[in-house]
Amino acid sequence: MRLENMVALVTGSSRSIGRSIATQFAAEGADIAINYSRDEAGAKEALAEIQQLGRRAIVIKADMADVAAVRKMVDQVVSEFGKLDILVNNAGIEKKAMCWDVTEEDYDAVVDVNLKGLFFATQAVVRHLRDTKRKGKIINISSVHEDLAFPGFAPYCASKGGVRMLARNLAVELGELGITINNIAPGAIETPINKNLLANKQLLAALMKQIPLRRLGQGSDVAAVATFLASKDADYVTGSTYFVDGGLTVHYEEQ
Ligand code: BGC
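Below, the structure is looked at part by part. Since this is a predicted model, take the numbers as computed values, not measurements.

For the rest of this paragraph, the subject is the overall build of the protein chain. Broken down by element type, the protein chain carries eight helices and seven strands. In terms of overall dimensions, the protein chain has C-alpha extents of about 55 × 35 × 35 Å along its principal axes. A sequence separation of at least 24 residues applies to 72% of the contacts in the protein chain between residues at least 6 apart. Side chains of the protein chain give 29 positive and 31 negative charges; the mean places of these two sets differ by 3 Å.

Structure representation (structure tokens):
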């Protein structure tokens, strides 16, 4: 077991990628704080799955756009488990609109969850690790769109591009504390975030042509890399992005 005696907080872990990470970490011996903002039933299922694996778990409702709630959540994890070793910033949202139609409300919603909430969750965990003089690991679930354009999703791309630079910048700031920070950039993963795409056969067929491995990714594909980054095996890895996209980002074909 690679994460024995570790405590991990996984944001947005009531379903899909976050839930796969939470359960895979538990299978590797970690105790887990599950976070959700809307899907209470999913969070309870995740809790049961982790308890079945013989690990401790708690569920915390907190909207990542609410910095006060994010700080309170990190405090709660520390008071329940006595410490926090691993933060997975997984919660994320996207809203489709061409840039000329994006509303201020939607822009704020996306950037507040994907970038601001992620930053302040990281800050709270870093303060805990610094004050208790312990090392730790931060893993951000960004996206291939931390690099790749995604027409119709400008605020989403801006937020993920921000997460790309945050990981680089914080890797430098956190090095002296022995804290690593890395990104995972998933491509097209079968999750509710792209339910519209999944329901559209034409779009899906076009997308499949762009993926050299010719399949959508699963939450477990992302969780496998997250487990590596959370483990001792990745002690010397920081400031990097790991793409889990079936080759999507590097694919180019003359039509
Ligand atoms: C987005 C999905 C999209 C995928 C590949 C992800 O970051 O959330 O909506 O299908 O990237 O473009």
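Ring pairs (aromatic) are described by centroid distance and by the angle formed between their planes. All told, the structure shown has five aromatic pairs when counted by the stated rule. Members of the aromatic cluster, connected to one another through ring pairs, are Phe150, Phe153 and Tyr156.

The full count for this structure, using the stated rule, is zero disulfides. In this model Cys99 remains outside any disulfide bridge; the closest cysteine sulfur is found in Cys157, 12 Å from its own. According to the relative accessible area criterion, Cys99 is exposed, its value standing at 54%.

In the region of the ligand, the neighbouring residues are Glu94, Ser143, His145, Phe150, Tyr156, Gly187, Ala188, Ile193, Asn194 and Leu197. Interatomic distance of 2.6 Å between a side-chain N/O atom of Glu94 and an oxygen atom of the ligand. Measuring from an oxygen atom of the ligand, one finds a side-chain N or O atom of Tyr156 at 2.7 Å.

This part takes up helix H3 (residues 67–81). Under the 1.5 Å per step criterion, the end-to-end length of H3 is 21 Å for 15 residues, consistent within 8% with the ideal 21 Å. Those residues of H3 lying buried are Val67, Val70, Met73, Val74, Val77 and Phe81. For H3, the angular spread of the buried residues around the axis is 120°, confining them to a single face. The outward face of H3, more than 90 degrees from its buried face, is lined by the exposed residues Ala68, Lys72, Asp75 and Ser79. Summarising the contacts, the buried residues of H3 are in contact with strand E1 (7–10), strand E2 (31–36), strand E3 (57–61) and helix H4 (104–131). At the N-terminal boundary of H3, the capping side chain belongs to Asp66, with an oxygen 3.2 Å from the backbone nitrogen of Ala68.

One non-glycine residue, Asn5, lies in the positive phi region at around 65°. Note on placement: Asn5 falls in the segment before E1. You will see that Lys133, though not glycine, has its phi angle at about 55°, which is positive.

Right, let's talk about the packing of helix H1 (residues 16–27) against helix H2 (residues 40–52) for a bit. Across the interface, H1 lies against H2 with an axial gap of 9 Å and an inter-helix angle of 15°. The pairing of H1 with H2 is recorded here as roughly parallel in orientation. Between H1 and H2 lies a crossing whose hand is right-handed. Here Arg19, Ala22, Thr23 and Ala26 of H1 lie close against H2, whose contacting residues are Gly42, Glu45, Ala46, Glu49 and Ile50. Considering only residue class, the contact of H1 with H2 consists of four nonpolar, two polar and three charged.

Attention shifts here to the sheet that holds strand E4 (residues 86–89). In space, the seven strands of this open sheet follow the order E3-E2-E1-E4-E5-E6-E7, with parallel pairing throughout. Looking at strand neighbours, the two that pair on one side only are E3 and strand E7 (241–244), the edges of this open sheet. The average undirected angle you get between the axes of adjacent strands in this sheet is 15°. Examined bridge by bridge, strand E6 (residues 179–186) and E7 share four bridges and lie parallel to one another. Pairing of Ile184 across the sheet is with Tyr242, part of E7. Set on the sheet, H3 makes contact with E1, E2 and E3; between it and E3 the angle comes to about 160°. Relative to the sheet, H4 contacts E4, strand E5 (136–141) and E6, its axis offset from that of E4 by approximately 175°.

Moving on to the pattern of salt bridges. On inspection of all chains with the given rule, the structure shows 14 salt bridges. For Glu28, the salt bridge identified is with Arg2, shortest N-O distance 3.3 Å. Of this pair, Glu28 sits in the loop between H1 and E2 while Arg2 sits in the segment before E1, and the two are 26 residues apart along the sequence. Residue Arg2 is classed as partly exposed on the basis of its relative accessible area of 39%. Across the pair Arg55 and Asp31 runs a salt bridge, and its minimum N-O distance is 3.3 Å. Linking Arg55 in the loop between H2 and E3 with Asp31 in strand E2, this pair joins segments that are 24 residues apart in sequence. Judged by its relative accessible area of 22%, Arg55 is partly exposed. Counted as one network, the salt bridges with shared partners bring together Glu146, Asp147, Arg164 and Arg168.

What counts, and where the lines are drawn
- Residues numbered from 1 in each chain as written.
- Predicted model: local features only at pLDDT ≥ 70, side-chain atom pairs only at ≥ 80, totals over all residues.
- Heavy atoms only, no water.
- Helix = DSSP H or I, 4+ residues; strand = E, 2+ residues; numbered from the N terminus.
- Contact = heavy atoms within 4.5 Å.
- Lys, Arg positive; Asp, Glu negative; His and termini not counted.
- Charge placed at Lys NZ, Arg CZ, Asp CG, Glu CD.
- Phe/Tyr/Trp six-rings, centres within 6.5 Å; stacked < 30°, edge-to-face > 60°.
- Disulfide = S-S within 2.5 Å.
- Buried < 20%, exposed > 50% of the residue type's maximum accessible area, 1.4 Å probe, protein only.
- Near = heavy atom within 4 Å.
- Polar contact = N/O pair within 3.5 Å; in protein donor to acceptor, adjacent residues only side chain to side chain.
- Expected span 1.5 Å × (residues − 1).
- Arc of directions from axis to C-beta.
- Axes fitted to C-alpha atoms, helices over the stretch in contact; angles between N-to-C directions.
- Parallel < 35°, antiparallel > 145°, perpendicular 65-115°, else oblique.
- Left-handed = near helix turned anticlockwise from the far one by under 90°.
- Nonpolar A, V, L, I, M, F, W, Y, C, P; charged D, E, K, R; others polar.
- Pairing = 2+ DSSP bridges.
- Salt bridge = Lys/Arg side-chain N within 4 Å of Asp/Glu carboxyl O.

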